[in-house]
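# Topology and contacts: notes
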Amino acid sequence: MYNLFKAFLFLFDPEVIHRLTILFLKFIPLNKAFIPKELNTKIFGMNFSSPIGLAAGFDKNAEVYSKMFNLGFGFIEVGTVTPKPQEGNPRPRIHRIKKEKAIINSLGFNSIGFEKVKVNLLNKKTEGIIGVNIGANKDSKIFIDDYISGIKFFSNHVSYITINISSPNTPGLRELHIEKNLKDLLEKIKNLKTNNEVAEVPLLIKISPDVNDDDLSIMCDIFLEFNVDGIIISNTTIERPFKGFGTNLNGGLSGELLYQISTNQLKKVYEYTKGQIPLIGVGGISSAKDAYNKIRNGASLVQLYTGIVYHGPGLIKKMNSEISTLLKNDGFDSISDAVGVDAEIKNGT
Ligand SMILES: Cc1cc2nc3c(=O)[nH]c(=O)nc-3n(C[C@H](O)[C@H](O)[C@H](O)COP(=O)(O)O)c2cc1C
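So, a few notes on the structure that sits alongside this text. All values reported here derive from a predicted model rather than from experimental measurement.

Attention now goes to unusual backbone geometry. Cis geometry is adopted by the peptide bond preceding T80, which originates at G79 and carries an omega value of 10°. With an omega of -5°, the peptide bond between R91 and P92 qualifies as cis. Take P92: it is sitting in the loop between strand 4 (75-81) and strand 5 (94-97). The phi torsion at F44 lies on the positive side, around 55°, for a residue other than glycine. You can see F44 is positioned in the loop between strand 1 (41-43) and strand 2 (46-48). Overall, the presence of 18 C-beta atoms within 10 Å leaves F44 in the partly exposed class.

Let us look at the site of the ligand. Surveying the vicinity of the ligand reveals 27 residues, the closest of which are A55, G57, T80, S254 and T306. Among the secondary structure elements, those contributing two or more residues to the shell around the ligand are strand 4, strand 6 (102-105), strand 11 (252-255) and helix 10 (306-311). Its residues placed into classes, the shell around the ligand shows 10 nonpolar, 15 polar and 2 charged.

The next thing to look at is the pairing of strand 12 (residues 279-282). Where burial is concerned, the two faces of strand 12 agree: the one with L279 and G281 and the one with I280 and V282 are both buried. The pairing of strand 10 (residues 230-233) with strand 12 spans 3 bridges and is parallel. Along strand 12, the bridge assignment pairs I231 with L279.

Judged by pairing direction, the sheet is antiparallel, and its 3 strands sit side by side in the order 5-6-11 without closing on themselves. For this open sheet the edge positions go to strand 5 and strand 11, each flanked by a neighbour on one side alone. Taken pair by pair, the neighbouring strands of this sheet meet at an average axis angle of 25°, ignoring direction. Inspection of the sheet shows strand 5 paired to strand 6 by 4 bridges, in the antiparallel sense. When the bridges of strand 6 are listed, I94 appears paired with N105. Taken strand by strand, helix 8 (residues 256-272) contacts strand 6 and strand 11, and its axis lies near 95° from that of strand 11.

This part covers the environment of A338. Tracing the backbone through its elements, the reader meets A338 in helix 12 (residues 335-338). By the C-beta count within 10 Å, which is 22 here, A338 ends up buried. Sequence separation of A338 and I280 is 58 residues, and the distance between their C-alpha atoms is 14 Å. Beyond its immediate sequence surroundings of up to four residues, A338 is in contact with I295, R296, L327, D330 and F332.

Calculation rules
Each residue is numbered by its place in its chain's sequence as written, counting from 1. Per-residue local features are limited, in this predicted model, to residues with pLDDT of at least 70; the limit for side-chain atom pairs, both in listing and counting, is 80 or more; totals at the level of whole chains, interfaces and linings are taken over all residues. To qualify as a helix, a DSSP run of H or I must reach at least 4 residues; to qualify as a strand, a run of E must reach at least 2; elements of each kind are numbered from the N terminus. Backbone-placed C-beta atoms define the burial measure: a residue is buried with 20 or more other C-beta atoms within 10 Å of its own, exposed with 12 or fewer, and partly exposed in between. Any residue whose backbone-placed C-beta atom lies within 6 Å of a molecule or strand is treated as near that molecule or strand. Only Asp, Glu, Lys and Arg are considered charged in this grouping, and only Ala, Val, Leu, Ile, Met, Phe, Trp, Tyr, Cys and Pro are considered nonpolar; every other residue, Gly among them, is considered polar. When DSSP finds two or more bridges between a pair of strands, those strands are recorded as paired. For helices, the fitted line uses only the C-alpha atoms of the stretch in contact; every axis is such a line through C-alpha atoms, and the angle between N-to-C directions lies from 0 to 180 degrees. Note on contacts: each residue gets a C-beta atom placed from the backbone, and two residues are in contact if those atoms are within 7 Å.

Here it is in structure tokens:
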């Protein structure tokens, strides 16, 4: 059914279809999908009804998050939101690479800004777990200051905050992965907490998949040193692991081609951090097996975006039911029993 509809939708510009989808979701009633109770999992002191979350980028402006829960998501991440409103890069800036079930986007943090997103969050009260993903304005002089103001601005209004240092579409942003810059960012965040300038809310860092092993290991040591609450692995890649249409497009690649890259990185982060920091695995998930494999490689929770574009909104309900079966088949009672079983943690920890 969705395949037929998709053939029609794919005739039009992806960004136009996305906008129409958001408008449609605002107005149609949606029944709540059933979630098996064994998928309930407790992370960051919160109860997630399902380990599957909606990744950042779909509901950038916090317009439809309460509806998205009805599809079976256990949590929704809105954003990326920038302090001041900004347009983002010129269009076209979202491309479907259909053959590879992938997307390349170069949106560049198009955002209505902190103030308006806060209004949208306050307007639609929901019981569900909502994270806000914060970024920096393109013309910002000091990116770190934008993150600090975002944490202060949203800490009273959401369940968690993601510090997105990994978009490939804001020049210079990924430099926050460099040891000195990352320490600087985390030091300033630590000071916010020590001085009680923000409400107690888990602060997560979303990282790039385009980091070599040596740098990743250094970053993980820093995450442990600063007691980062959680890590999201990963954002889109600037690699082009395919041939033909799309290889010359600017932007970040998401979808199935990102799956192995991001899952390998997830496993390494789990091992380097010795399983001491909760991880959210994201990148190329399009089935229950994909999600479950990320969990076995160290993810306590997972997220997806591109999978819904190619497989439709019914995917989440189906995945919830199939993950429950996969758990039972392996003799696990809960998600947490399966976290990291395929990773190797040394030093006896
Ligand atoms: C159109 C589009 C827009 C995105 N925008 C954001 C964003 O604003 N902030 C962010 O952290 N990630 C953004 N992402 C990245 C996703 O959150 C996710 O990390 C990435 O797409 C990999 O997951 P997937 O393969 O399931 O899509 C975007 C992805 C897509 C496809």
